[in-house]
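Chain by chain, the residues:
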Amino acid sequence: MNLSNAQRQIIEAPINSAVQVLASAGSGKTRVLTERVRHILDKTKKEGIIALTFTNKAAEEMSARLADFEQVEDRVWIATIHSVAQRILEKYGHTVGLPTELHIYDRDKDRMEVFIQSLREDGINIDEYLNITDSRELKSREKNLQSFMDIFSKIKRELLTDIEVAELYPNNNIWKIYQDYQSALLNSGGIDYDDILVYAHKILLTHDWIAKIYRSQYKHICVDEAQDLNKAQYEFIRVLCGDAIKSIIMVGDPNQMIYGFNGSSKDYLCTSFVDDFTPQCFELKENYRSTKAVIRAANKLRPGSQAEIDYALEGGVWISEFDTEEDEAAAIVAIVKNLLDLRVNDEIEGEISLKNMVVIGRNRFVFSKLESSLKDNSIPYSLRKGERQLEPSTRFGKILDYAIRVKLNSKDWVDGKKLCQILNIAEPKNWTTSVLQEMVTQMSSSVDEYSDVFAKLLFAVDGLDVESPKIPKLVKDFNCLLTSLVENHSSVADDKIEDVKLSIEELDEFNRTWTRFKRKGIGDSLVAFRNALALGQLSHDTLEDGLTLSTVHTMKGLEKDIVFLIGMCEGVFPDYRANTVKELDEERNNAFVAVTRAKRWLYITYPKQRIMPWGDKKFQRKSRFVMEIES
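Residues numbered from 1 in each chain as written. Predicted model: local features only at pLDDT ≥ 70, side-chain atom pairs only at ≥ 80, totals over all residues. Heavy atoms only, no water.

- Within an unreviewed UniProt entry, the label attached to the chain reads DNA 3'-5' helicase, and the organism entered is Scandinavium hiltneri.
- Listed under Sequence similarities (unreviewed entry) in UniProt, the entry text for the chain is "Belongs to the helicase family. UvrD subfamily." (UniProt positions renumbered as here; feature names shortened; annotations may be inferred.)

Here it is, written out as C-alpha cells:
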C-alpha cells in the first residue's frame, strides 16, 4: 500500500526537529515510525537512532521491517525503554553504587520477601504479625503489606522526592520504610524491576559525561506507543536527549492509553512533550486496517477518532445476549465451527482458520466457561500471556532456576532460601561465593530419593563459566540422567514417571530459551541471559495454531481478522472498580482498543446472569459500551 500524503509528511518532516504524531488505531503508525527511521538513515551518513518500543514483540517487528537496510544493525538500537536502561546499568551502574553483578528481582513475591526482611532488620516482629490462624485477618494484613509495595512502585514510577512522599503520606513514616527496602535490595545484590529506570535516569542526570557518550553515537530518538509513558519513562527519555538531541519523534494514540495502573498518562505525549520539545504536530485518523462496520463501532466509543477510507470493506459487527455464561460459550464455539466450515469469504484474505481469530475479555476470569466448552469440542486454544517468563513447576526446574540465580549473585538469600527449602537442607550461616558447594556437601547426607541428581545439578551449575557457559552440554547430561531414572525400571511409580517427564520438558524449555537468547545475539554470558529473561526478551507464544484467548492488555498492538469480545456486562467491562471519571475514561480506552483489534468482523456477547464463585446467581446488565455501540 502506498503512503498517504499525511503519512509522507510525517516521514519527510525536517530531521533535526521534534515531531508529535497522534495516530488512531489502524492508521499505520508502526509503518510511519519505521519509514521515518529509514528516512533518517538515508539522509544521514553515520548518525545512530534509538527506537523505543513498548514491548519486545514490537521491537522485533520493527527490526524485521528494517532488516533489508544494510547498516541497520550498526546504526539503529531498537528495544524497550527498560532494555535500553538496563544496558546503561550494566555499563555504568557502579557510578551510582550498584553491584557489578546486578540481580533483578522480577517476581513480586521475591520483592515482598526482601521488604519483610527489611522490616525484621528494623526490629519489627513481622513474623508474629503474620503468624495468625484467622484467614480473613491474615489476608487483611497481607493486603496491608502489599499496599506498601504499591507505594514503593509509585515512588519509583513517579520519581517522587522525600518531601513529595511526606506530603502524600503525612501519617506514615513511608520514606524511612522505603529507604530500608532499597537498602535491603542492594544488600542482597539486587534491584527490582522499577529500579531499572530509576537508576538509569539517575546515572544520566548526575553523570553528564555518560549521557554525552550516548548522545554522540545516537542523534535521533523514536518513541512508539508514547501515550503509555509514565513519568520515569518520560524523564529518562528527556535526560537522554538533554539539550543536544532535537530529533525526537513520539507516536501514540491518547484513546489507547490503558496502563494508568502503572502510572501511565497521555499527558506526557500530549502536554509535556509539547512544552519541552515544541514539536511539529500531526494527526493520522484514517483506519486502513478495519472494515467500515468496525470503524463505526469504534467511533461510537470515541466519536470522531476514526476516519473511514473509501475502499474499506463493509465488514460486520454482531451483538448477542445469552441467558448464561455456558450459553455464551456454546454460541461462540458454534460460530467458530461454522467459520471454520465456511473456509473462505471475500472479506477474509486466505483461508479462515483459528489463526484468524481471537477471543478478548476484560480479564482472564471471563474465559473459564469458554475454556471448558473448547475442551469439550476438541478445539485447541491458548491463553495469551505477557512477556514475563513462567516459573518452573517441578523441583528439578526450580532448583536449576534458583541455583543459577545464586551462582550469579551469592548474596541472593531470597532465592537461596527457596533453594534450601526445596532441597530440605539448612540455610547457610553466610551467603558467600562457596554457598552452592556447601549445599552439595549437605546433600551427601540427605535421604531425599533425588538427592544424587540434585547434588549433581548444583555441582554442574556451580562449575559453569559465567562468561561462556556450556548450557547445551549441561542440558544433554541431565537429559540422560533424568531419562535413566525411569528407563528399564518397570516398577517405577506412575507419579515418579510423570515427575521425571515434566522435569525433562522443563529442561528442554530451558534449553529452547537459551537457544532463543543466543540466536537473538543479545549476549553470551549467564548474566546477560538472566537479565534478558527478567526483561521479557525471551518469551514466545505457544500453540500458535490454536484459538487465542487474550485480555485487552496482552492484545495491545496486535490484531486479527475476527474478534470475539465476550462477557460485556456492566461491572466486568467497565470494571466494577472503575469509579472515578479518570478510571472510567481508561475503561473506555480499553473498550476502544478491544474493538479496534478487529480487522474484518466483530462479535460482541454478554450473559444475562453469571454464577459467583460461592454459587449464587447474579443477574447482569449489559455494558454501557455495548449500549453505545448499539445506539
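Now that the structure has been shown, the text picks up again.
**Comments concerning the overall build of the chain**
Okay, so step 1: The secondary structure content of the chain amounts to 27 helices and 16 strands.
Okay, so step 2: For the chain, whose C-alpha radius of gyration is 26 Å, the value lies close to the compact-globule estimate of 25 Å for 631 residues.
Okay, so step 3: Taken along its principal axes, the extent of the C-alpha atoms in the chain is 75 × 60 × 55 Å.
Okay, so step 4: Each of the 631 residues in the chain was classed as buried or not, and the buried ones make up 53%.
Okay, so step 5: Counting contacts in the chain only where the partners sit at least 6 residues apart, residues at least 24 apart contribute 74% of the total.
Okay, so step 6: Accessible area for the chain stands at about 29,800 Å²; split by element, carbon and sulfur atoms hold 48% of it. (Helix = DSSP H or I, 4+ residues; strand = E, 2+ residues; numbered from the N terminus. Rg over C-alpha atoms; globule rule 2.2 N^0.38 Å. Buried < 20%, exposed > 50% of the residue type's maximum accessible area, 1.4 Å probe, protein only. Contact = heavy atoms within 4.5 Å. Areas by Shrake-Rupley, 256 points an atom, 1.4 Å probe, with all protein chains shown as cover.)

**Focus: helix H3 (residues 56–65)**
Okay, so step 1: Within the sequence span of H3, burial applies to Asn56, Ala59 and Met62. Along the long axis of H3, the arc covered by the buried residues comes to 120°, so they all point the same way.
Okay, so step 2: Buried residues in H3 make contact with helix H2 (29–43), strand S2 (48–53), strand S3 (76–80) and helix H5 (81–92). (Arc of directions from axis to C-beta.)

**A look at the sheet that holds S3**
Okay, so step 1: As summarised here, the arrangement of the 6 strands in space is S3-S2-S6-S7-S1-S8, forming an open sheet in which the pairing is parallel. Of all the strands in the sheet, just S3 and strand S8 (280–284) have a single pairing partner and so form its edges. Sheet twist, expressed as the average angle between the axes of neighbouring strands with direction ignored, equals 15°.
Okay, so step 2: By the bridge criterion, 5 bridges tie strand S1 (residues 19–23) to S8 in an arrangement that is parallel. The residue bridging Gln20 from the neighbouring strand is Cys281, located in S8.
Okay, so step 3: Lying over the sheet, H2 contacts S1, S2, S3, strand S6 (218–223), strand S7 (247–252) and S8, oriented at roughly 170° with respect to S7.
Okay, so step 4: Of the strands in this sheet, S2, S3 and S6 are in contact with helix H12 (residues 208–217), which crosses S6 at around 85°. (Pairing = 2+ DSSP bridges. Axes fitted to C-alpha atoms, helices over the stretch in contact; angles between N-to-C directions.)

**Some details on the pattern of salt bridges**
Okay, so step 1: Per the counting criterion, the structure on display carries 49 salt bridges.
Okay, so step 2: We note a salt bridge from Asp122 to Lys176, for which the minimum N-O separation is 3.1 Å. A residue pair is termed long-range when its members are at least 10 positions apart, and Asp122 in the loop between helix H6 (108–121) and helix H7 (126–130) and Lys176 in helix H10 (residues 174–187) qualify at 54 residues.
Okay, so step 3: Asp122 gets classed as partly exposed once you look at its relative accessible area, which sits at 41%. (Salt bridge = Lys/Arg side-chain N within 4 Å of Asp/Glu carboxyl O.)

**A short note on the packing of aromatic side chains**
Aromatic rings considered in pairs are described by the distance between their centres and by the relative angle of their planes.
Okay, so step 1: Applying the stated criterion to the full structure yields 24 aromatic pairs.
Okay, so step 2: Their ring planes at 15° and their centres at 5.0 Å tell us that Phe564 and Tyr603 sit as a pair that is stacked. With Phe564 in strand S13 (residues 560–565) and Tyr603 in strand S14 (residues 598–607), the pair connects residues that are 39 residues apart, well separated along the chain.
Okay, so step 3: Using a relative accessible area of 12% as the deciding quantity, one classes Tyr603 as buried.
Okay, so step 4: Each member of the aromatic cluster is reached from another via a ring pair, and the members are Phe115, Phe148, Phe152, Trp175, Tyr178 and Tyr181.
Okay, so step 5: Above the ring of Tyr129, the side-chain terminus of Arg141 is found at 4.8 Å from the ring centroid.
Okay, so step 6: A cation over a ring is seen here: Arg362 above Phe573, with NZ or CZ 6.0 Å from the ring centre. (Phe/Tyr/Trp six-rings, centres within 6.5 Å; stacked < 30°, edge-to-face > 60°. Lys NZ or Arg CZ within 6 Å of the ring centre and 35° of its normal.)

**Concerning the nonpolar core**
Okay, so step 1: Within the largest apolar cluster, 53 residues are counted, with the highest numbers of intra-cluster contacts made by Met357, Leu370, Leu547, Ile562, Phe564, Leu565 and Val595.
Okay, so step 2: With 6 residues, S14 is the single largest residue contributor to this core.
Okay, so step 3: When sequence neighbours within four positions are dropped, the list of residues in contact with Val595 reads Val294, Ala297, Ala298, Leu301, Leu565, Leu602 and Ile629.
Okay, so step 4: Counting 46 residues, the second-largest nonpolar core is a separate cluster that includes Ile50, Ile196, Ala200 and Met250. (Core = buried A, V, L, I, M, F, W, Y, C linked by side-chain atoms within 4.5 Å.)

**Observations concerning the UniProt feature "binding site: ATP" (unreviewed entry) in the chain**
Okay, so step 1: Sites flagged by UniProt as "binding site: ATP" (unreviewed entry) map to Ala23, Ser24, Ala25, Gly26, Ser27, Gly28, Lys29 and Thr30.
Okay, so step 2: Accessibility expressed as a relative area gives 2% for Ala25, which makes it buried.
Okay, so step 3: Within the fold, Lys29 resides in helix H2.
Okay, so step 4: Leave out the neighbours within four places in its chain, and Lys29 touches Ala23, Asp224, Glu225 and Val251.

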